[in-house]
Amino acid sequence: MSVPFIDLKRFEPNFLEELNENLIQLFKNSQFIGGEEVEKLESSLEGHLGVTHAITCANGTDALQLALRALGVKPNDIVLVPNFTFWATFEAIVNVGAHPVTIDADISDAGVDINAFSEAISQLKPKAAIVAHLFGWASSKLVSLRKLCADNNVSLLEDGAQCFGTMYKKESIYKNALISTTSFYPAKVLGGAGDGGAVFTNDAELADKVKQLANHGRTSHYGYGSVGWNSRLDSIQAAFLNLSLKHIQSRINSRRASTKLYQDKLPKLGIQVMLPPPDFEENGYCNVCIVNDAEKKTYLESILKSKNIGYANIYPGVMSEQTGALPYLKNHIGGNAGKNLSCTVLNLPLFAYMKENELDEIINVIERSLHNDQQWTY
Ligand SMILES: *Cc1c(COP(=O)(O)O)cnc(C)c1O
């Protein structure tokens with residue numbers, strides 16, 4: 001039995017029928033840009049996440065750039081970025097003309113190493129810093145990181161592309177950030193039927209700037225207060241996301257149940273699983289196995305492959321070692337924990353509405369490989 005790494009086709013009963021009706025209505029009104037669906041999505045996100053302002057945009061990468069621009073990051077400013085993250089986090093800094101400085105990772109939670117982060121702030125006096133909340137939780141040092149930035153006049157942007165639905169002390173992570181972003185890329189927890197993103201903040205001035213920049217810097221239809229670009233979310237996407245948001249809790253519950261099963265069973269088979277730090281309730285975005293022995297990792301991957309079970313390595317390389325980073329990288333602060341993490345991480349299938357027999361199959365394949373193969377001496 002094969003199990004995909006991700007399956008986006010598992011809609012709730014009647015989801016597609018309801019979507020169809022909503023889309024027909026939207027097409028009949030020809031409200032393709034902005035309008036009711038976009039307004040509804042933004043206000044629903046505000047209510048759902050407890051933030052004052054949610055501004056939708058074209059994708060999660062634009063969301064980061066919009067936030068950096070709104071924070072006043074200018075060409076030649078220094079911006080700290082995790083060395084272990086998705087490439088878009090790094091790209092956003094370069095695309096606003098600023099200089100990225102990579103910060104090493106904390107191997108325990110995949111966030112930034114707070115000592116390296118703190119050292120970079122005192123040494124380099126950056127204008128801003130980005131942290132990325134990967135895998136479905138955030139750094140155990142989240143509160144200290146926020147305070148460190150606030151105390152040193154560094155604007156902290158939180159890349160929350162992977163943490164929709166993640167709770168810290170029973171509140172959404174986005175709620176207490178200065179400014180944060182998410183992505184509606186289809187594979188994310190709240191995924192669209194295409195690209196989309198959003199910026200969240202409780203600061204009205206930042207929200208106004210983001211809104212303006214995402215719509216050509218407009219102050220009126222033919223009046224322009226700044227040079228922005230077109231980063232609007234399509235109304236069609238908003239309609240799909242509004243309907244998805246209705247079902248988000250049941251999707252997250254399903255993801256959490258699968259996560260829990262992995263966390264119960266894998267350690268008994270000798271597989272180390274990265275857990276969210278205390279006080280976080282994860283959204284079940286990603287299963288994270290850490291396999292320190294390279295030979296064991298290769299072997300495990302070959303077994304999964306031969307049994308048609310999907311897996312991934314999120315992420316297989318750090319930012320500072322990407323060819324595309326070399327012309328722009330200003331500095332790297334800290335050690336090699338991020339690189340170690342990228343060599344040892346292995347992700348098993350995880351998505352909403354995984355079936356029990358799929359999870360059993362994955363666990364059984366790993367268990368059988370342990371018993372049957374002489375190579376497996378761990
Ligand atoms: C997906 C992702 C992004 C980019 O989002 P897009 O919508 O694909 O542009 C940025 N940062 C992180 C951490 C992501 O996972």
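Residues numbered from 1 in each chain as written. Predicted model: local features only at pLDDT ≥ 70, side-chain atom pairs only at ≥ 80, totals over all residues. Heavy atoms only, no water.

Here's the deal with the sheet that holds strand 8 (residues 179-183)
Consider a sheet: its strands pair through backbone hydrogen bonds, and that pairing is either parallel or antiparallel.
Right, on to step 1. Spatial ordering of the open sheet is given by 1-9-8-5-4-2-3-15, a layout of 8 strands whose pairing is mixed. Only two strands of the sheet have a single partner each, and these edge strands are strand 1 (53-57) and strand 15 (331-333). Neighbour to neighbour, the strand axes of the sheet diverge by 20° on average, direction disregarded.
Right, on to step 2. The sheet contact formed by strand 2 (residues 78-82) and strand 4 (residues 128-132) spans 2 bridges and is parallel. By the bridge assignment, Val-79 is partnered in strand 4 with Ala-128.
Right, on to step 3. In the packing of helix 3 (residues 60-70) onto the sheet, the strands contacted are strand 1, strand 2, strand 4, strand 5 (155-159), strand 8 and strand 9 (197-201), and the crossing angle to strand 8 comes to about 165°.
Right, on to step 4. Set on the sheet, helix 6 (residues 142-151) makes contact with strand 4 and strand 5; between it and strand 5 the angle comes to about 145°. (Pairing = 2+ DSSP bridges. Helix = DSSP H or I, 4+ residues; strand = E, 2+ residues; numbered from the N terminus. Axes fitted to C-alpha atoms, helices over the stretch in contact; angles between N-to-C directions. Contact = heavy atoms within 4.5 Å.)

Details of the site of the ligand
Right, on to step 1. Taken together, 14 residues surround the ligand, and among them Gly-60, Thr-61, Asp-159, Ser-183 and Lys-188 come closest.
Right, on to step 2. In the model, an oxygen atom of the ligand is placed 2.5 Å from a nitrogen or oxygen of the Thr-61 side chain.
Right, on to step 3. Bound to the protein, the ligand loses 92% of the 380 Å² it would expose on its own.
Right, on to step 4. Elements represented by at least two residues in the shell around the ligand include exactly helix 3 and helix 4 (87-95). (Near = heavy atom within 4 Å. Polar contact = N/O pair within 3.5 Å; in protein donor to acceptor, adjacent residues only side chain to side chain. Areas by Shrake-Rupley, 256 points an atom, 1.4 Å probe, with all protein chains shown as cover.)

Here's the deal with helix 4
Right, on to step 1. Restricting attention to buried positions, one finds in helix 4 the residues Ala-88, Thr-89, Phe-90, Ala-92, Ile-93 and Val-94.
Right, on to step 2. Once helix 4 ends, the next one or two residues include Gly-97, with phi positive near 85°. (Buried < 20%, exposed > 50% of the residue type's maximum accessible area, 1.4 Å probe, protein only.)

What to know about helix 9 (residues 248-265)
An α-helical segment advances 3.6 residues per turn. Residues three or four places apart therefore align on the same side.
Right, on to step 1. Compared with the 26 Å implied by 1.5 Å per residue over 18 residues, the 26 Å span of helix 9 between its first and last C-alpha is a close match.
Right, on to step 2. For helix 9, every residue scored as buried is listed here: Ile-248, Arg-251, Ile-252, Ser-254, Arg-255, Arg-256, Ser-258, Thr-259 and Tyr-262. (Expected span 1.5 Å × (residues − 1).)

Considering the packing of helix 2 (residues 36-49) against helix 8 (residues 235-246)
Right, on to step 1. Where helix 2 contacts helix 8, the two axes come as close as 8 Å, and the packing angle between them is 40°. Viewed along their axes, helix 2 and helix 8 form a crossing whose handedness is left-handed. Along the contact surface, helix 2 presents Glu-37, Val-38, Lys-40, Leu-41, Ser-44, Leu-45 and His-48, while helix 8 presents Ser-235, Ala-238, Ala-239, Leu-241, Asn-242 and Leu-245.
Right, on to step 2. For the contact of helix 2 with helix 8, a count of residues per class yields 7 nonpolar, 4 polar and 2 charged. (Left-handed = near helix turned anticlockwise from the far one by under 90°. Nonpolar A, V, L, I, M, F, W, Y, C, P; charged D, E, K, R; others polar.)

Focus on the domain arrangement of the chain
Right, on to step 1. Here the chain is described as being made up of domain 1 (15-246) and domain 2 (249-370).
Right, on to step 2. Between domain 1 and domain 2, the C-alpha centre-to-centre distance is 24 Å.
Right, on to step 3. Between domain 1 and domain 2, roughly 3800 Å² of surface is buried when both sides are summed, and carbon and sulfur atoms account for 66% of that area.
Right, on to step 4. Broken down residue by residue, the surface that domain 1 buries against domain 2 is led by Phe-84, Phe-135 and Trp-137, which jointly contribute 19%.
Right, on to step 5. Taken together, domain 1 and domain 2 are joined by 0 salt bridges.
Right, on to step 6. The interface formed by domain 1 and domain 2 includes 19 residue pairs in polar contact (both at pLDDT 80 or more).
Right, on to step 7. Counting only elements with at least two residues in the side of domain 1 that touches domain 2, the list comes to strand 2, helix 4, strand 3 (99-103), helix 5 (114-124) and strand 6 (167-168).
Right, on to step 8. Grouping the amino acids of the side of domain 1 that touches domain 2 by side-chain chemistry returns 29 nonpolar, 13 polar and 5 charged. (Domains from an automatic or database assignment. Buried area = accessible area lost by both parts, 1.4 Å probe. Salt bridge = Lys/Arg side-chain N within 4 Å of Asp/Glu carboxyl O.)

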